[in-house]
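# Geometric and topological summary
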Amino acid sequence: MAHALKQKIPSPGRWLRDTNLGQAWLVLALAILFGAALAAVQVNLSRRIEANRQNETLSKIPELVWGPARAREIKSGSAAVQIIPGTLQAGSGANPITLNLFKVIHAGQLAGWVIKAGGQGYAEKIDLLIGIDPQVSALTGLFVLDQKETPGLGNKITAPGWRGQFKGRSTGRPLTVAAGLSGSEAAIDAITGATISSRSVTRIVNRVMAAVKDSLEVDTFRPIERRS
Amino acid sequence: MAYLVDIFLISISAALINNFVLYYFVGICPFIGVSRQVDMALGMGSAVTFVMTIAVFICWTITTLVLQPGAPVSVWIASFFVSPEAAAVIDLTILTYIVYIFAIASAVQFVEMYVRKFYPPLYKSFGVFLPLITTNCAILFACLTVMSHIIGVENPGEVWDLGRALALGIFGGVGFTIAIVIMAGIREELDLCDIPAPFQGAAITLIVGGILAMAFMGFTGVDSGLRAVLTGGP
Amino acid sequence: MQVLPTPTERFIQGILPENPVYRQLLGLCPTLAVTGGLKPALTMAAAVGFVLLCANIITSLIRNLLKPHLRIVVFTLTIATFVTIVDRFLAAYLYQMSKALGPYIPLIIVNCIIICRCEVCASRQSVPAAAADALGQSLGFGLALAGIAAVRELLGTGMLAGYPVLPESWPDWVIMVLPPGAFLTFGLLLALVNWISADKQQGEGGGS
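Given the structure is predicted, the values throughout are model-derived calculations rather than measurements.

## Remarks on the overall build of chain C
The secondary structure content of chain C amounts to eight helices and two strands. Whereas a compact globule of 208 residues would reach a radius of gyration of roughly 17 Å, chain C reaches 19 Å, a difference of no more than 12%. Considering only C-alpha atoms, chain C reaches an extent of 60 × 55 × 25 Å along its principal axes. With 208 residues in all, chain C has 54% of them scored as buried. Excluding contacts between residues fewer than 6 apart, the proportion of contacts in chain C whose partners are at least 24 apart in sequence is 73%. For chain C, the exposed surface amounts to about 8700 Å²; the carbon and sulfur share of it is 69%. Seen as two clouds, the 12 positive and the 10 negative side-chain charges of chain C have centres 11 Å apart.

Structure, rendered in structure tokens:
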């Protein structure tokens, strides 16, 4: 008797299975549950992800301005290093370009500029950080942020030895690339088997130098307002 | 002019240099599964191109208007509920993947119904492949590539507009078609060969794919050269 | 009624008899794309494992409420959510790895392994069986990926997981870490697995 009665009254599970509302209810409940989970993830992690993204660039900047040894010294020193991100409108009338750059201030004085620039490499886009001295007369360093050049050949552009060649170059005239000509003043040594990668990096540097040579002044620099 | 050069280079790059199948390895399942005959491969390829174009269009629109940080539609809706300052920083990026996959799935459903009803010959040639492509990684990959050029781009001048996104969608599909049709042509010939038993089926297809990928590596660097020639730069 | 495998059987099946990569040829995009090095391959396998485990458990919990025509929607929603969570966790705690894997993490959503396991196992069996199945399949997937990645990284760079293994004089076969190397390595390993299992079957057949 009790058994028969039990079968007459539909259980909540069965009711959910049989009606349209029940089906919609399931998807909807899952959506709300997952939405809450995602919101929790977003609230907890977004700040950290954003910090990771910025640190990747910011952590390299002192080294580009002062070189590795001096950067370590300054980091342990007492005077504050201030890095102000901003943008710069440069280039000639027909095709103006917007550059992302960082103004580096140490102990209240302008210590240098670091420009973020990208361009087509041999395989995919190459992203560079280029350090320039306060007078915009010479390069102070180069760092490869992102590249997908051929492993073992093109990716030697990330080697400190090769990047180091750019340090101290004058911004006055475009750099050229030549193979096996180390010692020549204006030429950058091409990596054996990766002439195109070497040339791509040099081309990006030349383009940036041409753009900033005249217009890197305090009045064209616009700091980015960061939302907290 | 610079814009046209950009579109041209995105197209060349998507179709040949950074071929979706042979360089990014997306869409491998149909590349191995549906590459037995050239006409089937062509049907699959055109279906993928068609859906990819539509998917990229939808995803570009949704990302630009709704999903990206400070997107106009989200800000407008949010401004009814919270103060304008709070609404201006709304960021729905975390929903991207969920929205994309459902947008693609529903787009495929609608396209299939529409084509079946109004273009029966077209449906005959590639309609049967349509349900298969919902879970084709190549489509989602194209949408994700477009997303990476909208969200998180620091330089406003480098954000992709609809033209660039569509160029990637169409020519990504064309590149997929090229790869799968070449593969089918080779496999039709392979059927006549005496292949050692362990290599039969997927294994030999993968090895032929490897040789094709090597051939396509020859295109690497073409885009940087072309850009230099077309823009007259050094 | 068809007898469904027990949790232990499910777990063992995933590793070799029903290996997702070598036997079912599922999830080939990551198999080829992230096997340039051992580290990204293992991270990928862990990410897929996490998503598969969570999706299988949730599907198994709600299996009695599922309507056939809504099940794919539910599976996709579940998978996409967990993939987003994994993606954010990687970006927050393993930023470099998340950058290296790039779009292949979100592409887990369309990885056929997961939806296939939800459909074949989790929507029919209890939670322990579904979890065991997820663990077995992820282990099988991880082993397959690690195998391919080890061969490619070793021959391509002379290193394993970033540590030099082969002598300095080893001429790096750069092609192995480039796209063609992925196709060639996987093709050859697949043939090897086919050959070994065919040999075994023949041996068993001859013995009886």
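## Points about the interface of chain A and chain B
With 16 residues of chain A at the contact, the number on the chain B side is 18 residues. Across the chain A/chain B interface, buried area totals approximately 1600 Å², and carbon plus sulfur atoms make up 47% of it. At the junction of chain A and chain B, the tally comes to one salt bridge. Lysine 125 of chain A is the salt-bridge partner of glutamate 158 of chain B, the closest N and O atoms lying 3.6 Å from each other. Across the chain A-chain B interface, the total number found is two residue pairs in polar contact (both at pLDDT 80 or more). Mapped by element, the contributors of at least two residues to the side of chain A that touches chain B are α3 (20-58), β2 (97-106), β3 (109-120) and α7 (195-215) of chain A. Taken together, the residues of the side of chain A that touches chain B break down into six nonpolar, five polar and five charged.

## Side note on the state of the cysteines
Scanning all chains against the criterion turns up zero disulfides over all chains. Sulfur of cysteine 118 of chain C: no disulfide; nearest cysteine sulfur belongs to cysteine 121 of chain C and is 9.0 Å away.

## A short note on the nonpolar core
Leu22, Val26 and Phe31 of chain B together with Leu107 and Phe183 of chain C are the most contacted members of the largest nonpolar core, which totals 135 residues. Sort the elements by how many residues they give to this core and helix α4 (residues 71-93) of chain C lands first, with 12 residues. Among all residues touching leucine 107 of chain C, those that are not within four sequence positions of it are Val26, Cys137, Leu140, Phe141 and Leu144 of chain B. Among the nonpolar cores identified, the runner-up in size contains 28 residues, and Ala117, Trp162, Val201 and Val212 of chain A belong to it.

## Things to note about the confidence of the model for chain B
When pLDDT is averaged across chain B, the result is 87; 97% of the residues are at 70 or more. The element-level mean pLDDT for chain B is lowest in helix α7 (residues 120-126) of chain B, coming to 77, with helix α9 (residues 162-190) of chain B highest at 93.

## Digging into a negative patch on the surface
All names here are of chain B. Taken together, the side chains of Asp39, Glu188, Glu189 and Asp191 make up a negatively charged region of the molecular surface. Summarising the element assignment, glutamate 189 is placed in helix α9. For glutamate 189, a relative accessible area of 53% translates into the label exposed.

## A short note on the interface of chain B and chain C
With 34 residues of chain B at the interface, the matching set in chain C holds 34 residues. Among the residues chain B hides against chain C, the three largest losses belong to Phe25, Tyr97 and Leu206 of chain B. Together they make up 24% of the total. Where chain B meets chain C, there are zero salt bridges. Seen at the junction of chain B and chain C, the total is three residue pairs in polar contact (both at pLDDT 80 or more).

## Here's the deal with the packing of helix α1 (residues 2-17) of chain B against helix α11 (residues 222-231) of chain B
Residue and element names in this part refer to chain B. Orientation of α1 relative to α11, taken along the N-to-C sense of each, is 160°, at an axis distance of 10 Å. Relative to α11, α1 is oriented roughly antiparallel. α11 is crossed by α1, and the crossing has right-handed handedness. Here Val5, Asp6, Phe8, Leu9, Ser13 and Ile17 of α1 come into contact with α11, specifically with Val222, Asp223, Leu226, Arg227, Leu230 and Thr231.

## Here's the deal with the environment of glycine 27 of chain B
By the secondary structure assignment, glycine 27 of chain B is in the loop between α1 and α2 (28-33). Linking glycine 27 of chain B and leucine 140 of chain B, residues 113 residues apart in sequence, is a C-alpha distance of 9.9 Å. With near-sequence residues (within four places) excluded, glycine 27 of chain B lies in contact with Asn136, Cys137, Ala138 and Phe176 of chain B together with Cys29 of chain C.

## Notes on the packing of helix α3 (residues 38-61) of chain C against α4 of chain C
Residues and elements named next belong to chain C. Interaxial distance between α3 and α4 falls to 9 Å at its minimum, and their mutual angle equals 145°. As α3 runs across α4, the sense of the crossing is right-handed. Across the interface between the two elements, Thr43, Ala47, Phe50, Val51, Cys54, Ala55, Ile58 and Thr59 from α3 touch Phe75, Thr78, Ile79, Phe82, Val83, Val86 and Leu90 from α4. Here the residues of the contact of α3 with α4 sort into 12 nonpolar, three polar and no charged.

## Details of the pattern of salt bridges
In this structure the tally under the stated criterion is 10 salt bridges over all chains. The closest approach of N and O atoms between arginine 117 of chain C and aspartate 133 of chain C, which form a salt bridge, is 3.0 Å. Of the two residues, arginine 117 of chain C is situated in helix α6 (residues 112-122) and aspartate 133 of chain C in helix α7 (residues 127-157); the sequence distance between them amounts to 16 residues. Taken as a pair, arginine 117 of chain C and aspartate 133 of chain C share a single burial class, namely buried. One connected set of salt bridges, linked through shared partners, spans Glu56 and Asp146 of chain A together with Lys99 of chain C.

## Details of a nonpolar patch on the surface
All names here are of chain B. On the surface, a nonpolar cluster with roughly 730 Å² of combined accessible area is contributed by Leu65, Val73, Trp76, Ile77, Phe80, Phe81 and Val82. With three residues, the top contributor of residues to the nonpolar patch is helix α4 (residues 72-78). By the secondary structure assignment, tryptophan 76 is in helix α4.

## What to know about the pairing of β3 of chain A
For β3 of chain A, the buried fraction is high: 10 of the 12 residues fall into the buried class. Counted between consecutive antiparallel strands, the loop separating β3 of chain A from strand β4 (residues 125-132) of chain A contains four residues.

## Describing the confidence of the model for chain C
Reading predicted coordinates in detail is not appropriate for stretches of low pLDDT. For chain C, per-residue confidence averages 86 on the pLDDT scale, and residues scoring 70 or more make up 96% of the total. Within chain C, α3 of chain C carries the highest mean pLDDT (93), whereas helix α1 (residues 7-15) of chain C carries the lowest (80).

## Quick look at the environment of threonine 157 of chain C
Residues and elements named next belong to chain C. Tracing the backbone shows threonine 157 in helix α7. Along the sequence, threonine 157 and proline 171 sit 14 residues apart, while their C-alpha atoms lie 8.4 Å from each other. Those residues in contact with threonine 157 that sit more than four places away from it in its chain are Arg152, Asp172 and Val177. Looking at threonine 157, its side chain comes within polar contact range of the main-chain oxygen of glutamate 153, at 2.8 Å.

## Some remarks on the side chain of threonine 185 of chain C
All names here are of chain C. Relative to the assigned elements, threonine 185 resides in helix α8 (residues 179-207). Overall, the relative accessible area of 4% leaves threonine 185 in the buried class. Residues within four places of threonine 185 in sequence aside, it is in contact with Ile148, Val151, Arg152 and Met176.

Analysis parameters
- Residues numbered from 1 in each chain as written.
- Chains lettered and ligands numbered in written order.
- Predicted model: local features only at pLDDT ≥ 70, side-chain atom pairs only at ≥ 80, totals over all residues.
- Heavy atoms only, no water.
- Helix = DSSP H or I, 4+ residues; strand = E, 2+ residues; numbered from the N terminus.
- Rg over C-alpha atoms; globule rule 2.2 N^0.38 Å.
- Buried < 20%, exposed > 50% of the residue type's maximum accessible area, 1.4 Å probe, protein only.
- Contact = heavy atoms within 4.5 Å.
- Areas by Shrake-Rupley, 256 points an atom, 1.4 Å probe, with all protein chains shown as cover.
- Lys, Arg positive; Asp, Glu negative; His and termini not counted.
- Charge placed at Lys NZ, Arg CZ, Asp CG, Glu CD.
- Buried area = accessible area lost by both parts, 1.4 Å probe.
- Salt bridge = Lys/Arg side-chain N within 4 Å of Asp/Glu carboxyl O.
- Polar contact = N/O pair within 3.5 Å; in protein donor to acceptor, adjacent residues only side chain to side chain.
- Nonpolar A, V, L, I, M, F, W, Y, C, P; charged D, E, K, R; others polar.
- Disulfide = S-S within 2.5 Å.
- Core = buried A, V, L, I, M, F, W, Y, C linked by side-chain atoms within 4.5 Å.
- pLDDT = per-residue confidence, 0-100.
- Patch = residues over 30% accessible without salt bridge, like charges linked within 9 Å, V, L, I, M, F, W, Y side chains within 5 Å.
- Axes fitted to C-alpha atoms, helices over the stretch in contact; angles between N-to-C directions.
- Parallel < 35°, antiparallel > 145°, perpendicular 65-115°, else oblique.
- Left-handed = near helix turned anticlockwise from the far one by under 90°.
- Pairing = 2+ DSSP bridges.

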